Amino acid sequence: MTTAPLLLLEDLEFRWPGQTEACLDIPALRLEAGEQVFLHGASGSGKSTLLNLVAGVLAPTRGRVEVLGQVLGELSAADRDRFRVDHVGLIFQQFNLIPYLSVLDNVLLPCRFSRRRRERAGDARAAAATLLRHLDLAESLWRRPATQLSVGQQQRVAAARALIGRPELLIADEPTSALDAARQEAFLDLLRRECVDSGAALLFVSHHRRLERGFGRALAMAELNRAPAEAA
Amino acid sequence: MRALLPLALKSAWNRRYSLGLTLLAVTLSVTLLLGIERLRQDARDGFAQAVSGTDLVVGARGSPLQLLLYSVFRMGEASHNLGWDSARALAAHPAVAWTIPLSLGDSHRGYPVLGTTSAYFEHFRFGDRQPLAFAAGQPFAGLFEVVLGAEVARKLGYRPGERITLSHGMGGEGLAEHGDKPFTVVGILAPTGTPVDRTLHIGLEALEAIHLDWQGGAPIPGLNIPPELVKKFDLTPKSVTAVLVGLKSRAAVFAMQRHVADYRDEPLMAVLPGVALSQLWELLGVAEGVLRAVSALAVAAGLAGLVAVVLASLDQRRRELAILRANGARPRDIFLLLALEGGAVTLAGALLGLTLRTVLVLGLGPWVQAEYGLVLRADWPGSGELYALGGVLLAGLLASLLPGWRAYRLSLADGMTPRL
Ligand SMILES: Nc1ncnc2c1ncn2[C@@H]1O[C@H](COP(=O)(O)OP(=O)(O)OP(=O)(O)O)[C@@H](O)[C@H]1O
Ligand SMILES: [Mg+2]
């Protein structure tokens, strides 16, 4: 198991149902444990689709997705769901939080559903507190409903949630697009630092190439994907 | 499931106003359903309890049901009377153990006055063959003495020794009074939960006495016979409304019924109380069916509203569900989350409905009893109500599968990136 890469895509093709053209056609992609990868591409180039495939939400029409040595296609739908929450933390562009839960409860959400994340977190509340503190969220905010936070604060809460219980892979789909330039940089720095701390690999998607700085590796959808990109 | 429950609660609390209103609708419809079921059951029980141990009710030929309703339940119109000679002949029949003559027509402040004999206190049975008992005093012995039913005494605040006057005829206000011949309360019966509680009992002779100087519903002008003098007149009644008959052997009941039907001196009939009651049920069956259908429709409307609210919320909750999915909730969990919500509202509505029906029965019960003589019991739901509750729960759970299923489909289709 020590030799298994964190993520391995082989001969991957994905076509949306009812579509004649493939949306994605990726010969190979490999991510090592703890690696930080920046993925960029034009809008509509299939970045989010790729992330959904990696997370096992979508199934490829051909080829395979392997995470931590586990071929996702071999798992049942329920096992795939469990596998995802056990090993993958997710951050989206916007509106990551459940409005009726407090900041703290939002962070603790994966621990509710995943025993592995719960156990790896140790004292889940303490772990959440540490993460929130590291991500510059004042303790006075923790009990507030998530809706009372600014967008930037919300994204940092989402990051804490993705990190809790130390999943092996963090997937972030344009988490900074709602932030101003200065905030984007600060958020990215925090995120990368926390990923290093917890040993998680980071797959970060954005179409702002200037954010690429500091990542070990940058990938372009145009190079990765053999399928002709649709005009967005 | 353990992960889901607190989430479901918090999510529901977040939408408490719309869910609260649907809960109210479900609660009210369940209350209606249970209330009607209770009313139905208690009306039946009440009727069945009102007379027991009486083999036959004899009266002038006519509608059996009308005779029973009037003579036992004091409801509806007076039928023709039967002659006193016939009543005496009946009592003398070798198969007959006892008879109770009943004569109705007068009232006191809305409560019916029953002319009868002391046999009434001896032989009349109600409920599970229970005899009448006295809470105070004793049966009437003298002429102008009256025995009160429990409710009459309680409502009007009468005690033994009180002097009261009777009104001529039944009904509300504006009746002519038998003011010149007051009665003394000598006894008060223990509560029975039957029409007996609402009745004033006097002797047949007393009934005759107060009508000596009357003719056709009004005092005869210029004629006034004072109470001291009435004993000089013949106070044997000329007719009575009905006669309750107890037989020495139940086996003789049909023979006796035929005997009465063939009675030569006047056209009579003998009614088996149970048979007349089942006629009543048949008659009421249609109305009951309609009431039940209406209340079932109200429940259906309540549940449809519930499903509509939960479904409508689903569109606003797509993102919430997607976030849950991204954080480990399986489509199965999403299904449960939504189904749980509808199911919980239904369950709460059913329980609240049961509570409200109990509160209403306790609160309105005395009024219903006073106004309609119907005793409503607030005890545990009977089998009819349990079936109704079970039906509501089942329907609610089934209906809640719909939003659950839709959420399941949505969360499969949306994955973790909901389209808005
Ligand atoms: N549910 C869907 N059904 C069919 N086609 C879809 C669906 N979602 C996305 N697509 C198509 O797949 C292609 C890739 O979409 P995707 O969302 O992956 O792009 P993206 O690179 O993430 O773009 P952006 O930077 O704007 O987020 C687009 O052409 C889009 O029209
Ligand atoms: Mg995208």
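Keep in mind that this is a model prediction, so the values were computed, not measured.

What counts, and where the lines are drawn
Residues numbered from 1 in each chain as written. Chains lettered and ligands numbered in written order. Predicted model: local features only at pLDDT ≥ 70, side-chain atom pairs only at ≥ 80, totals over all residues. Heavy atoms only, no water. Helix = DSSP H or I, 4+ residues; strand = E, 2+ residues; numbered from the N terminus. Buried < 20%, exposed > 50% of the residue type's maximum accessible area, 1.4 Å probe, protein only. Contact = heavy atoms within 4.5 Å. Areas by Shrake-Rupley, 256 points an atom, 1.4 Å probe, with all protein chains shown as cover. Lys, Arg positive; Asp, Glu negative; His and termini not counted. Charge placed at Lys NZ, Arg CZ, Asp CG, Glu CD. Near = heavy atom within 4 Å. Polar contact = N/O pair within 3.5 Å; in protein donor to acceptor, adjacent residues only side chain to side chain. Domains from an automatic or database assignment. Buried area = accessible area lost by both parts, 1.4 Å probe. Salt bridge = Lys/Arg side-chain N within 4 Å of Asp/Glu carboxyl O. Axes fitted to C-alpha atoms, helices over the stretch in contact; angles between N-to-C directions. Parallel < 35°, antiparallel > 145°, perpendicular 65-115°, else oblique. Left-handed = near helix turned anticlockwise from the far one by under 90°. Nonpolar A, V, L, I, M, F, W, Y, C, P; charged D, E, K, R; others polar. Pairing = 2+ DSSP bridges. Phe/Tyr/Trp six-rings, centres within 6.5 Å; stacked < 30°, edge-to-face > 60°. Disulfide = S-S within 2.5 Å.

Trainee: I'd like a rundown of the overall build of chain A, residues and numbers included.
Mentor: The secondary structure content of chain A amounts to eight helices and nine strands. A principal-axis box enclosing the C-alpha atoms of chain A has dimensions of 50 × 35 × 35 Å. Burial status across chain A gives 56% buried among its 232 residues. Within chain A, counting contacts between residues at least 6 apart in sequence, those at least 24 apart form 74% of the total. Accessible surface computed for chain A: about 9900 Å², of which carbon and sulfur atoms make up 49%. Once the 29 positive and 28 negative side-chain charges of chain A are each reduced to a mean point, those two points are 5 Å apart.

Trainee: I'd like a rundown of the site of ligand 1, residues and numbers included.
Mentor: Around ligand 1, a shell composed of 14 residues is seen, among which A:S43, A:G44, A:K47, A:S48 and A:T49 lie nearest. Lying at an intersection of chains, ligand 1 is approached by residues of chains A and B. Between ligand 1 and A:S45 there is a distance of 3.3 Å, counted from an oxygen atom to a backbone nitrogen or oxygen. At a separation of 2.7 Å, an oxygen atom of ligand 1 approaches a polar side-chain atom of A:S48. If ligand 1 stood free it would expose 630 Å²; the protein chains cover 68% of that surface.

Trainee: I'd like a description of the domain arrangement of chain B, backed by residues and values.
Mentor: Residue and element names in this part refer to chain B. Its domain assignment divides chain B into domain 1 (4-47 + 285-416) and domain 2 (56-271). Taken over C-alpha atoms, the centre of domain 1 sits 50 Å from the centre of domain 2. Taken together, the contacts link six residues of domain 1 with eight residues of domain 2. In total, about 590 Å² of surface goes out of reach between domain 1 and domain 2, with carbon and sulfur atoms giving 56% of it. On the surface where domain 1 and domain 2 come into contact, there are zero salt bridges.

Trainee: Quick one: what's the story with the packing of helix 2 (residues 16-50) of chain B against helix 12 (residues 383-414) of chain B, residue by residue and with numbers?
Mentor: All names here are of chain B. Axis separation between helix 2 and helix 12 bottoms out at 9 Å; the angle between their running directions is 160 degrees. Looking at the two axes, helix 2 sits roughly antiparallel to helix 12. Regarding helix 2 and helix 12, the two cross each other, and that crossing is right-handed. For the pair helix 2 and helix 12, the contacting residues are V30, L33, L34, E37 and R38 in the first and G384, E385, A388, L389 and V392 in the second. Residue composition of the contact of helix 2 with helix 12, grouped by class: six nonpolar, one polar and three charged.

Trainee: An account of the sheet that holds strand 9 (residues 217-220) of chain A is needed here, citing residue identities and associated values.
Mentor: All names here are of chain A. Spatially, the five strands line up as an open sheet ordered 6-7-8-3-9, and their pairing is parallel. With partners counted over all chains shown, the strands left at the sheet margins are strand 6 (88-91) and strand 9, one partner each. When strand polarity is set aside, the average angle formed by the axes of neighbouring strands in this sheet is 15 degrees. Relative to strand 9, strand 3 (residues 36-40) runs parallel, the two sharing four bridges.

Trainee: Hey, could you go over the sheet that holds strand 2 (residues 24-31) of chain A for me, with residue numbers and the actual values?
Mentor: Residue and element names in this part refer to chain A. Ordered in space as 2-1-4-5, the four strands form an open sheet in which the pairing is antiparallel. With partners counted over all chains shown, the strands left at the sheet margins are strand 2 and strand 5 (70-71), one partner each. The pairing of strand 1 (residues 7-14) with strand 4 (residues 62-67) spans five bridges and is classified as antiparallel. Paired with L9 across the bridge in strand 4 is V65. Of the strands in this sheet, strand 1, strand 2 and strand 4 are in contact with helix 1 (residues 47-54), which crosses strand 1 at around 120 degrees.

Trainee: Hey, could you go over the interface of chain B and chain A for me, with residue numbers and the actual values?
Mentor: Taken together, the 22 residues of chain B in the interface contact 23 residues of chain A. With both sides pooled, the region where chain B packs onto chain A buries about 2200 Å², and carbon together with sulfur makes up 63% of that total. Put simply, chain B and chain A have two salt bridges between them. One salt bridge in this structure joins B:R325 and A:D81, with 2.8 Å as the shortest N-O distance. Among the secondary structure elements, those contributing two or more residues to the side of chain B that touches chain A are helix 1 (4-14), helix 10 (318-326) and helix 11 (331-372) of chain B. Tallied by class, the residues present in the side of chain B that touches chain A amount to 10 nonpolar, six polar and six charged.

Trainee: Provide a residue-level description of unusual backbone geometry, including the pertinent values.
Mentor: Residues and elements named next belong to chain A. Positive phi is not limited to glycine here, since D11 has a value of about 50 degrees. Along the chain, D11 turns up in strand 1. The backbone of E174 shows a phi angle near 50 degrees, a positive value even though the residue is not glycine. With respect to the element layout, E174 can be found in the loop between strand 7 (169-173) and helix 7 (181-198). Assessed through its relative accessible area of 10%, E174 is described here as buried.

Trainee: So what's going on with helix 3 (residues 103-113) of chain A? Residues and values would help.
Mentor: The element helix 3 of chain A is largely enclosed, with a buried count of 10 among its 11 residues. Where helix 3 of chain A is concerned, the buried positions are A:V103, A:L104, A:D105, A:N106, A:V107, A:L108, A:L109, A:P110, A:C111 and A:F113.

Trainee: Just give me the short version of the side chain of A:E174, but keep the residues and values in it.
Mentor: Look at A:E174: it is buried, it has no salt bridge, and the nearest opposite charge is A:K47 at 4.4 Å. If sequence neighbours within four positions are ignored, A:E174 has contacts with A:K47, A:Q93, A:V205, A:S206 and A:H207.

Trainee: Describe the packing of aromatic side chains, with residues and values.
Mentor: Residues and elements named next belong to chain B. Per the stated rule, a full pass over the model turns up 11 aromatic pairs over all chains. Note on F121 and F134: the rings are 5.4 Å apart at their centroids and 45 degrees apart in plane angle, and the pair reads as tilted. Of the two residues, F121 sits in helix 5 (residues 119-123) while F134 sits in strand 7 (residues 134-137), which places them 13 residues apart along the sequence. A residue is classified by how much of its surface remains accessible, and F121, at 9% relative accessible area, is buried. Of the residues examined, F134 reaches a relative accessible area of 27% and is grouped as partly exposed. Clustering of aromatic rings is evident, with ring pairs tying together Y120, F121, F124, F134 and F140.

Trainee: Before we move on, can you summarise the state of the cysteines with the specific residues and values?
Mentor: A complete count under the given rule lists zero disulfides over all chains for this structure. Free cysteine A:C195: the closest other cysteine sulfur is in A:C111, separated by 16 Å.

Trainee: Before we move on, can you summarise the environment of A:Q155 with the specific residues and values?
Mentor: Secondary-structure assignment places A:Q155 in helix 6 (residues 151-163). Along the chain, A:Q155 and A:R193 lie 38 residues apart, while their C-alpha atoms are 15 Å from each other.

Trainee: A description of the pattern of salt bridges should follow, citing residues and the corresponding values.
Mentor: All names here are of chain A. As enumerated under the stated definition, the model contains 33 salt bridges over all chains in all. R64 is the salt-bridge partner of E10, the closest N and O atoms lying 3.3 Å from each other. Taken together, the residues span a long stretch of sequence, with E10 in strand 1 and R64 in strand 4 at a distance of 54 residues. Judged by its relative accessible area of 36%, E10 falls in the partly exposed class. A salt bridge links E185 to R213; the shortest N-O distance between them is 3.4 Å. Note that E185 is positioned in helix 7 and R213 in the loop between strand 8 (201-205) and strand 9, a separation of 28 residues in sequence. For E185, a relative accessible area of 27% gives the class partly exposed. For R213, a relative accessible area of 60% gives the class exposed. Counted as one network, the salt bridges with shared partners bring together D11, E13, R15, D25 and R62.

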